[in-house]
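# Working through the structure, step by step
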Amino acid sequence: MKVLVVFAHPEQRSLNGSLRDVAVRELEAQGHDVLVSDLYAQGWTSAVDRADFPSLPADARLAPAAASKQAFEAGTLTPDVKGEIEKLLWADVLILQFPLWWFSMPAILKGWVDRVFAYGFAYGVGEHSDKRWGDRYGEGKLAGKRAMLLVTAGGWQEHYSARGINGPIDDLLFPIHHGILYYPGYAVLPPFVVYKADKLDEAGFEAAAERLRERMRTLATASPIPYRRQNGGDYLIPSMQLHAGLEPPEARGFAIHLARAEASISVAASGTKARCG
């Protein structure tokens, strides 16, 4: 397989840097081709602005979605963005790796999504009718590919449990899993999460590294999170409301969008210690 790792941490000697190296070495040992987009090392520009659309007339009002569509169709996106789109098309598997900062991804990675997931590429594709509402949520340009998150978190695993103060980790990651990865078609694998990321000892790191090697060995066979397909009949069109009664009685919130009633589908690192964020 061809694997793209998008790495978003400013310190090469961090826990994230060490985990990235473990993952890449294991993937290569299994015979996979690996590319790493190191966003900080690349000096990635996070903010979407007029510089992203060099063909936009100077006196034109910037409407980012419309400008993105026009630039993608005309092939005038900036070279850095076009390069990342080419990597996404090349890769069979996408791994987004980042520390959980303020309950989300670092700004540089969100900026990568904002700029690279262009209109006409990652969204705004397919027909809109009374039977379909575009090619999204299980369909789209990236359908047939896999994606997963590799995340470190400073809090304890219990803090991110069903009754934990920080909220369930699957809920916190839902906007990324469902809204960023599943939306353009990826089959989204359960995340790999390392907790207590600022309190690592060597034994804890070795345990996490071995579990990560095992995850890399099963990238092609692991079952994805069972999200419902938008155009598969579960949702009313065009309101996009889930048909009443499809969810299990105990399902609430984001869980109603799972085709099976799992209370927790993550195979995150159970109780693993980590070196530093």
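Residues numbered from 1 in each chain as written. Predicted model: local features only at pLDDT ≥ 70, side-chain atom pairs only at ≥ 80, totals over all residues. Heavy atoms only, no water.

Looking at an unreviewed UniProt entry, one finds the chain named Flavodoxin family protein, with Bradyrhizobium frederickii as its source organism.

## Digging into the overall build of the chain
Tallying secondary structure elements over the chain gives seven helices and six strands in all. Tracing the chain from N to C terminus, the helices and strands come up as β-α-β-α-α-α-β-α-β-α-β-β-α. Relative to the compact-globule value of 19 Å for 277 residues, the chain shows a C-alpha radius of gyration of 19 Å, a close match. Seen through its C-alpha atoms, the chain measures out along the principal axes to roughly 55 × 50 × 35 Å. Scored against the burial criterion, the 277 residues of the chain give a buried share of 48%. Counting contacts in the chain only where the partners sit at least 6 residues apart, residues at least 24 apart contribute 79% of the total. Put simply, the chain shows about 13000 Å² of open surface, and 54% of that area lies on carbon and sulfur atoms. If the 30 positive side-chain charges of the chain are averaged to one point and the 32 negative ones to another, these points end up 1 Å apart. (Helix = DSSP H or I, 4+ residues; strand = E, 2+ residues; numbered from the N terminus. Rg over C-alpha atoms; globule rule 2.2 N^0.38 Å. Buried < 20%, exposed > 50% of the residue type's maximum accessible area, 1.4 Å probe, protein only. Contact = heavy atoms within 4.5 Å. Areas by Shrake-Rupley, 256 points an atom, 1.4 Å probe, with all protein chains shown as cover. Lys, Arg positive; Asp, Glu negative; His and termini not counted. Charge placed at Lys NZ, Arg CZ, Asp CG, Glu CD.)

## Looking at the layout of surface pockets
Roughly 310 Å³ of volume is contained in the second largest pocket. Along its surface, the second largest pocket is lined by 20 residues, and V113, D114, F117, A118 and Y123 are the ones closest to its centre. Broken down by secondary-structure element, the contributors of at least two residues to the lining of the second largest pocket are α3 (64-74), α5 (107-116) and α6 (169-182). Looking at the lining of the second largest pocket residue by residue, the classes come out as 15 nonpolar, two polar and three charged. (1 Å grid on protein atoms, 1.4 Å probe; cavity = no way out; pocket = protein on both sides within 12 Å on 5 of 7 lines; lining within 4 Å. Points joined across faces, edges and corners; volume = space filled by probe spheres on them. Nonpolar A, V, L, I, M, F, W, Y, C, P; charged D, E, K, R; others polar.)

## Brief notes about the pairing of strand β2 (residues 33-38)
Bridging between strand β1 (residues 2-7) and β2 involves six bridges; their strand directions are parallel. When the bridges of β2 are listed, V6 appears paired with S37. Handedness of the β-α-β unit built from β1, helix α1 (residues 15-29) and β2 comes out right-handed. (Pairing = 2+ DSSP bridges. Right-handed = clockwise from strand over helix to strand, strands pointing away.)

## Concerning the UniProt feature "domain: Flavodoxin-like fold" (unreviewed entry) in the chain
Within this structure's numbering, the places UniProt gives as "domain: Flavodoxin-like fold" (unreviewed entry) are residues 1-215. With 37% helix and 14% strand, the stretch residues 1-215 has end C-alpha atoms that lie 14 Å from each other. (UniProt positions renumbered as here; feature names shortened; annotations may be inferred.)

## Focus on the pairing of strand β3 (residues 93-99)
Where burial is concerned, most of β3 is hidden: seven out of the seven residues are buried. Here five bridges tie β1 to β3, and the two strands are oriented parallel to one another. Bridging from a neighbouring strand, F7 pairs with Q97 of β3. Taken together, β3, α5 and strand β4 (residues 146-152) constitute a β-α-β crossover, and its handedness is right-handed.

## Regarding the packing of aromatic side chains
Applying the stated criterion across every chain yields a total of nine aromatic pairs. Taking 6.4 Å as the distance between ring centres and 45 degrees as the angle between the ring planes, the aromatic pair formed by Y137 and Y182 counts as tilted. One end of the pair, Y137, is in the loop between α5 and β4; the other, Y182, is in helix α6, and 45 residues separate them in sequence. Sitting above the plane of the F7 ring, R20 keeps its charged end 4.4 Å from the centroid. Residue placement shows R115 over the ring face of W44; its charged tip is 4.7 Å from the ring centre. (Phe/Tyr/Trp six-rings, centres within 6.5 Å; stacked < 30°, edge-to-face > 60°. Lys NZ or Arg CZ within 6 Å of the ring centre and 35° of its normal.)

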